[in-house]
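# Architecture and fold: a report
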Amino acid sequence: MCCCAQFLGGEFEPVSIKMAKEQNLSLNPTKISGLCGRLMCCLKYEQEAYEEILSRMPDVGVIANTPMGKGTIVETYTLLESVKVRVTLEDGTDDIFQYPISEIEITKDKDPSYIKKYRTSHYGKQN
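Every value quoted in this text rests on a predicted model; they were computed, and no experiment measured them.

### Things to note about the packing of aromatic side chains
Two measures describe an aromatic ring pair: the distance that separates the ring centres and the angle between the ring planes. This structure, assessed with the given rule, holds one aromatic pair. Their ring planes at 40 degrees and their centres at 6.3 Å tell us that F97 and Y99 sit as a pair that is tilted.

Right under this line is the structure:
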């Protein structure tokens, strides 16, 4: 028996690939399809929680004030509600620290050099 029939009472709401993308899942339909052949209903079931957390999460490339100093967010972990921040230390070296978003101050500023470098090196194009 599919989880959708047992737990969701057979009421199927539309499920989209966008939901899988926002939940950092594989975009391969065979990996996110249930036994019934449809996209997994649990994506819709969990989507509201992801949207709520994502509304609090900063974007990669945003500048944040951390206990170690000002830095650039380089990675996010949605379910953990934490981020990795690259901070330039007093000796001029860079280090990366992971913080819960509750322990940092997120600014509205973005690091344009990081955004350009990150998008070019990781995606092969600029957005």
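Once you've had a look at it, read on.
### Quick notes on the pattern of salt bridges
Two side chains that carry opposite charge are able to pair once their charged atoms sit near each other. Counted according to the given criterion, the structure contains four salt bridges. Here R56 ties to E81 by a salt bridge, and the two come within 2.4 Å at their closest N and O atoms. Taken together, the residues R56 in the loop between α3 (41-54) and β1 (62-66) and E81 in the loop between β2 (69-77) and β3 (82-88) connect sequence positions 25 residues apart. Here the salt bridges share partners, and the residues they tie into one network are E52, R56 and E81.

### Let's talk about the confidence of the model for the chain
Overall, the prediction assigns the chain a mean pLDDT of 77, with 63% of residues at 70 or greater. Taken together, the stretch residues 118-127 has pLDDT below 50 and engages in 10 contacts with residues farther than four places along the chain or on a different chain.

About the thresholds
- Residues numbered from 1 in each chain as written.
- Predicted model: local features only at pLDDT ≥ 70, side-chain atom pairs only at ≥ 80, totals over all residues.
- Heavy atoms only, no water.
- Phe/Tyr/Trp six-rings, centres within 6.5 Å; stacked < 30°, edge-to-face > 60°.
- Salt bridge = Lys/Arg side-chain N within 4 Å of Asp/Glu carboxyl O.
- Helix = DSSP H or I, 4+ residues; strand = E, 2+ residues; numbered from the N terminus.
- pLDDT = per-residue confidence, 0-100.
- Contact = heavy atoms within 4.5 Å.

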